[in-house]
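# Observations on the three-dimensional arrangement
One-letter residues, chain by chain:
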Amino acid sequence: MLTCDAKSPNLPCGRSQLDHASHPAGSVPALERPSGWRALILAVVALTSPFQAGVAHAQEDSTPITLPRVAVSADVPLTKVAEYRMRMARYSPAAVAVGDFIYIISGQTDTNDIITSIERFDPRTNASESFADLKQGRIWHGAVAVGESIYVFGGSVSDRSIVVRHEVVNGVFADDSVEIINLATRAVTPGPRMPVPRTQFACVPFQGRIYLMGGKTQDRYSRSAITNSVAVLEVATGRWTEAARMPTPRQPAVAVVDGGFLIAAGGYNGTRAVDVVEVYDPRRDPWGSLPPLVTPRSAHSIVFAGESLFLFGDYGSPQELLAYNLRSKRSEVFELGYTPARHTAAVRLGDRIYVIGGKQSRNAQPTDLIQVFAPAPSARRSEATKSPP
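Residues numbered from 1 in each chain as written. Predicted model: local features only at pLDDT ≥ 70, side-chain atom pairs only at ≥ 80, totals over all residues. Heavy atoms only, no water.

Now for the overall build of the protein chain. Counting its secondary structure elements, the protein chain contains two helices and 31 strands. Here the protein chain holds 389 residues, and 57% of them are scored as buried. Of the roughly 16,500 Å² that the protein chain leaves accessible, carbon and sulfur atoms contribute 49%. (Helix = DSSP H or I, 4+ residues; strand = E, 2+ residues; numbered from the N terminus. Buried < 20%, exposed > 50% of the residue type's maximum accessible area, 1.4 Å probe, protein only. Areas by Shrake-Rupley, 256 points an atom, 1.4 Å probe, with all protein chains shown as cover.)

Moving on: the sheet that holds strand β5 (residues 114-122). Hydrogen bonding along the main chain pairs the strands of a sheet, whether they run parallel or antiparallel. Across the sheet, four strands lie side by side as β3-β4-β5-β6; this open sheet has antiparallel pairing. Each edge of the open sheet is held by one strand with a lone partner, namely β3 (94-98) and β6 (127-133). Recorded for the sheet is a direction-independent mean angle of 25° between the axes of neighbouring strands. The sheet contact formed by β5 and β6 spans six bridges and is antiparallel. Across the sheet, residue Arg120 finds its bridge partner in β6, namely Glu129. (Pairing = 2+ DSSP bridges. Axes fitted to C-alpha atoms, helices over the stretch in contact; angles between N-to-C directions.)

The next point concerns the sheet that holds strand β31 (residues 369-375). Across the sheet, which stays open at both edges, the four strands sit in the order β2-β31-β30-β29 with antiparallel pairing between neighbours. Of all strands in the sheet, those with a lone pairing partner are β2 (78-85) and β29 (345-349), marking the two edges. On average, each strand axis in the sheet is inclined to that of its neighbour by 25°, with strand direction left out of account. Judged from the five bridges that link them, β29 and strand β30 (residues 352-356) form a sheet pairing that is antiparallel. Looking at β30, one finds that Arg348 is bridged to Ile353.

In this section: the pattern of salt bridges. Evaluated as defined, the whole model comprises 17 salt bridges. With a closest N to O distance of 2.6 Å, Glu129 and Arg120 form a salt bridge. Here Glu129 falls in the partly exposed class, since its relative accessible area comes to 32%. As a salt-bridge pair, Arg250 and Glu278 come within 2.6 Å of each other at their nearest N and O atoms. Of the two residues, Arg250 is situated in the loop between β20 (239-243) and β21 (251-257) and Glu278 in strand β23 (residues 277-280); the sequence distance between them amounts to 28 residues. (Salt bridge = Lys/Arg side-chain N within 4 Å of Asp/Glu carboxyl O.)

When pLDDT is averaged along the protein chain, the result is 80, and 72% of the positions lie at 70 or above. For residues 160-170, every residue scores under 50 in pLDDT, and the model assigns this stretch 23 contacts once sequence neighbours within four places are set aside. Predicted confidence is poor over residues 379-389, with pLDDT under 50, and the contacts of this stretch with residues over four places away or in other chains come to 15 contacts. (pLDDT = per-residue confidence, 0-100. Contact = heavy atoms within 4.5 Å.)

Written as structure tokens, this is what we have:
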């Protein structure tokens, strides 16, 4: 187990082979009076911020896969409770939890096809069904739920008929299209195009707006570039605007935490993985900094639960998950029987976290696993007895 606080030195990130467009060869690879978490994070920001402002068949048997026994220390915040299988393996899918279901969207299969398929997983029965199809298959895309619709943004596509309108990214194209899935009718319709093609970015909803943060896009010379720009879609009007830029250009993972803050943790800056943790207040539009991760992370997914951010997988250490406690500002690295995977999708539904798809390495096949985690018994007791921050 690795631990750190704000004074601890960062551990180096190991080198590895490449399996996505963002890592060049040889590089090191989510105004009223504030209270609760809002007051806590505002205080930290005030102290630290330098700113003013191939298709498989459906699984007939939905019985959980038998998990190995894992010995862990008493302070581990999560425990792995189950593994299930999707209808097909998927690398770099998007996933969204709505109501009682998890919608798993597009990705790349074990035949290297970028697929249009959307499947719907029901945690009550542990079974998955085919739900609908996008018009365009995607990887490294974003998806969020707004009401009874899911918005799917950008990513990378392999349709060479659109080469004139899209930039080339290692044999695929960064895309600017948006698709909207109507969950009631299963219809898929076009949405308002993004301002520029963007791939490997973070995507989060907040109060009628959808924020697209960082990633890879085009610079003004039409060259591929890592960006710190933040594009904002006003859902009601379909209008795009720009918000304050992230301090650190990168391909981040971003989570919305209690109090309405957006926290970007880790990511890839075009040269190496970073340990940066930055927080954004969409009500005031400033960015600030929090203490760094214990070790750089990239190619990970992120979920906020309890009082922690959980980062699943890493480019160089795909078997690890990292917990960043927002109360103590300390982070720890665990394994916990996590089946190695990077470029996964992760969602929270109830008190469970579902980590979906991905693959272990450049030459590995994508996985069809849905890994399920729950708060450890000690974490549940702590959550029940803790006093407000």
